[in-house]
Amino acid sequence: MRAVRFHEYGGIDVLRVEEVERPVPGPGQVLVEVRAAGIQPGEAHIRTGALHARWPATFPSGQGSDLAGVVVETGPHVRGFAVGDEVLGFTHRRASHAQFVVVDDVHLVSRPAGLSWDVAGALYVAGTTAYATVFAVEPGPDDTVVVSGAAGGVGSLAVQLARQRGATVIGLASERNHPWLKERGVLPVAYGPGVAERIRQASGDRVDAFIDTFGDGYVALAAELGARPERINTISDWQAAAKIGARTYGEGAAASAVVLGELARSAARGLLEVPIARTYPLAQVRDAFRELEQQHTHGKIVLRP
């Protein structure tokens, strides 16, 4: 089968699509033929070695955790899935950017009717991360919540989940994404110089909680705006969070098939929109990450093996 590999830390040019041996499922595992697999900023940071201390790579390394596809083989003692089932899920083995991937049965859910392959294959990391960030700050109908990176893969879901809880949501995003935010009941604010004053004006000088999906000083800004540390959550600026006692709930805090299934059903019913920015064939994985690393993507980028 074909799979993405890199043999050393580096830039986009270290990514290769190679012929590798097709894996065989063991006990409690299934082999999934991948139809769609999302890509993540964290994968780029792992590939460059920036996260070596936290998540080291063993070479040659694969990549990818999100996936959706069809079960083509089952190992012994598999529960709940059979050959031919359409599924979505995740793997922690950095292996979903491939034509086939072995997945533990407890990391899969059935693909709901009406859920596209692209959305199914892009939902796990962004969806469970957004779920965790909203849970961390506990927004309610009387709260004003600010979300940085509000049009990105995680932010675009976090603003919707916070709105579902009845909160007033201010979304920081480029102006070209403001119409999308407005249509979902979010108050859009442009990021950049002067953002603190723009947030104060939009919020009536009251910020109860802050969800940071971007980093780059937003934890300090949240504290400056008056949000208490226990109601500030970041998924990228861990050092800043440690300084003030803010939270760092991310994908790992909600990494379960139960949460994924809930999100998938909401998306299938039209209650949660998962924007798909663009899709790429597996052979164009470098182009996919080149677009991702520009940091201006609205929603998710998906590989189609």
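Residues numbered from 1 in each chain as written. Predicted model: local features only at pLDDT ≥ 70, side-chain atom pairs only at ≥ 80, totals over all residues. Heavy atoms only, no water.

A. Seen up close, the nonpolar core. Judged by nonpolar contacts, the single largest core of 47 residues is most densely connected at Leu-88, Val-147 and Val-159. Counting residues per element, this core draws most heavily on helix 3 (residues 124–137), at 7 residues. One finds Val-146, Tyr-218, Leu-225 and Ile-232 within the second-largest nonpolar core, a separate group that totals 19 residues. (Core = buried A, V, L, I, M, F, W, Y, C linked by side-chain atoms within 4.5 Å. Buried < 20%, exposed > 50% of the residue type's maximum accessible area, 1.4 Å probe, protein only. Helix = DSSP H or I, 4+ residues; strand = E, 2+ residues; numbered from the N terminus.)

B. Quick peek at the packing of aromatic side chains. Taken as a whole, this structure holds 7 aromatic pairs when the rule is applied. Here Trp-55 and Trp-238 contribute two aromatic rings whose centre-to-centre distance is 6.3 Å and whose plane-to-plane angle is 80°, an arrangement assigned as edge-to-face. Here Trp-55 is found in the loop between helix 1 (41–48) and strand 4 (66–74), whereas its partner Trp-238 is found in helix 8 (residues 238–244), with 183 residues between them in sequence. What makes Trp-55 partly exposed here is its relative accessible area of 38%. Between Phe-90 and Tyr-124, the aromatic rings sit 4.0 Å apart at their centres with planes inclined by 10°, giving stacked as the arrangement. Of this pair, Phe-90 sits in strand 5 (residues 86–90) while Tyr-124 sits in helix 3; the two residues are 34 residues apart in sequence, bridging distant segments of the chain. Phe-90 gets classed as buried once you look at its relative accessible area, which sits at 1%. Each residue in the set Phe-6, Tyr-9 and Phe-59 is aromatic and connected to the rest through ring pairs, giving one cluster. The ring of Phe-100 has Arg-22 sitting right over it, with the charged end atom 4.4 Å from the ring centre. (Phe/Tyr/Trp six-rings, centres within 6.5 Å; stacked < 30°, edge-to-face > 60°. Lys NZ or Arg CZ within 6 Å of the ring centre and 35° of its normal.)

C. Main features of the sheet that holds strand 8 (residues 144–148). Overall, parallel pairing links the 5 strands, which are arranged 10-9-8-11-12 in an open sheet. Strand pairing shows two members of the sheet lacking a second neighbour, strand 10 (187–189) and strand 12 (232–234), which therefore form its edges. Shown here is a sheet whose adjacent strand axes are inclined to one another by a mean of 15°, direction ignored. Note: strand 11 (residues 209–212) against strand 12, 3 bridges, orientation parallel. Looking at the pairing, Asp-212 lines up with Thr-234 of strand 12. Along the sheet, helix 3 makes contact with strand 11 and strand 12, crossing strand 11 at roughly 155°. (Pairing = 2+ DSSP bridges. Axes fitted to C-alpha atoms, helices over the stretch in contact; angles between N-to-C directions. Contact = heavy atoms within 4.5 Å.)

D. Quick look at the packing of helix 3 against helix 4 (residues 155–164). Direction vectors running N to C along helix 3 and helix 4 enclose 45°, while the axes themselves pass 8 Å from each other. Judged by the inter-axis angle, helix 3 sits oblique to helix 4. With respect to the hand of their crossing, helix 3 and helix 4 are arranged in right-handed fashion. Contacts between helix 3 and helix 4 pair Ala-126, Gly-127, Ala-130, Tyr-131, Thr-133 and Val-134 from the former with Leu-157, Ala-158, Leu-161 and Ala-162 from the latter. For the contact of helix 3 with helix 4, the residue count by class is 8 nonpolar, 2 polar and no charged. (Parallel < 35°, antiparallel > 145°, perpendicular 65-115°, else oblique. Left-handed = near helix turned anticlockwise from the far one by under 90°. Nonpolar A, V, L, I, M, F, W, Y, C, P; charged D, E, K, R; others polar.)

E. Local environment of unusual backbone geometry. Note that the residue after Phe-59, namely Pro-60, is joined by a cis bond; omega there is -5°. Positionally, Pro-60 belongs in the loop between helix 1 and strand 4. Notably, Arg-94 is not glycine yet its phi reads approximately 50°, a positive angle. You can see Arg-94 is positioned in the loop between strand 5 and strand 6 (100–104). Positive phi outside glycine occurs at Asp-216, with the angle close to 65°. Mapped onto the elements, Asp-216 comes out in the loop between strand 11 and helix 7 (218–224). Classification of Asp-216 as exposed rests on a relative accessible area of 67%.

F. Local environment of the pairing of strand 9 (residues 168–172). For strand 9, the tally of buried residues reaches 4 of 5 residues, placing the bulk of the element in the interior. Inspection of the sheet shows strand 8 paired to strand 9 by 4 bridges, in the parallel sense. Note on strand 9: the bridge partner recorded for Val-147 is Gly-171. Bridge analysis of strand 9 against strand 10 gives 3 bridges, and the strand direction is parallel. Residue Leu-172 lies in a different strand from strand 10, and its bridge partner there is Val-189. In terms of handedness, the path from strand 9 via helix 5 (residues 178–183) over to strand 10 forms a crossover that is right-handed. (Right-handed = clockwise from strand over helix to strand, strands pointing away.)

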